[in-house]
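# Inside the fold
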Amino acid sequence: MNKLLHKRKLTPTDQQPVVRMNRDTYYSLAVVDVSKGASITIPRLPEGKYVSVQPVTEDHRIQPMFSVLGPSI
């Protein structure tokens, strides 16, 4: 609870916990207690790097996704 789990290896096609995971994407996940508030902070990204966040509630309702792309020169 309240800690990120980083998947540091790409997901093999025969071991996908969800249908059609991206084969070129590293995933991180967390279960967060938001009863006292919570926020997500994404650090400055290097050029060309992309991060997206997809919040899901405890009853599996998908919340609006947001994403960040590192600056281009």
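Model, not experiment: these values are computed from the prediction.

Cut-off values and rules
- Residues numbered from 1 in each chain as written.
- Predicted model: local features only at pLDDT ≥ 70, side-chain atom pairs only at ≥ 80, totals over all residues.
- Heavy atoms only, no water.
- Helix = DSSP H or I, 4+ residues; strand = E, 2+ residues; numbered from the N terminus.
- Buried < 20%, exposed > 50% of the residue type's maximum accessible area, 1.4 Å probe, protein only.
- Salt bridge = Lys/Arg side-chain N within 4 Å of Asp/Glu carboxyl O.

## Digging into unusual backbone geometry
Notably, Asn 2 is not glycine yet its phi reads approximately 65°, a positive angle. Inspection of the secondary structure puts Asn 2 in the segment before β1 (5-7). In this model, His 60 sits at a positive phi of 70°, which is unusual for a non-glycine residue. Its location among the elements puts His 60 in the loop between β3 (50-53) and β4 (66-69). For His 60, a relative accessible area of 66% corresponds to the exposed category.

## Quick word on the pattern of salt bridges
Oppositely charged side chains can pair when the atoms bearing their charge come close. Using the criterion set out here, one finds 1 salt bridge in the structure. Across the salt bridge formed by Arg 61 and Asp 59, the nearest N and O atoms sit 3.2 Å from each other.

Read these as layout, nothing more, since geometry by itself doesn't imply function.
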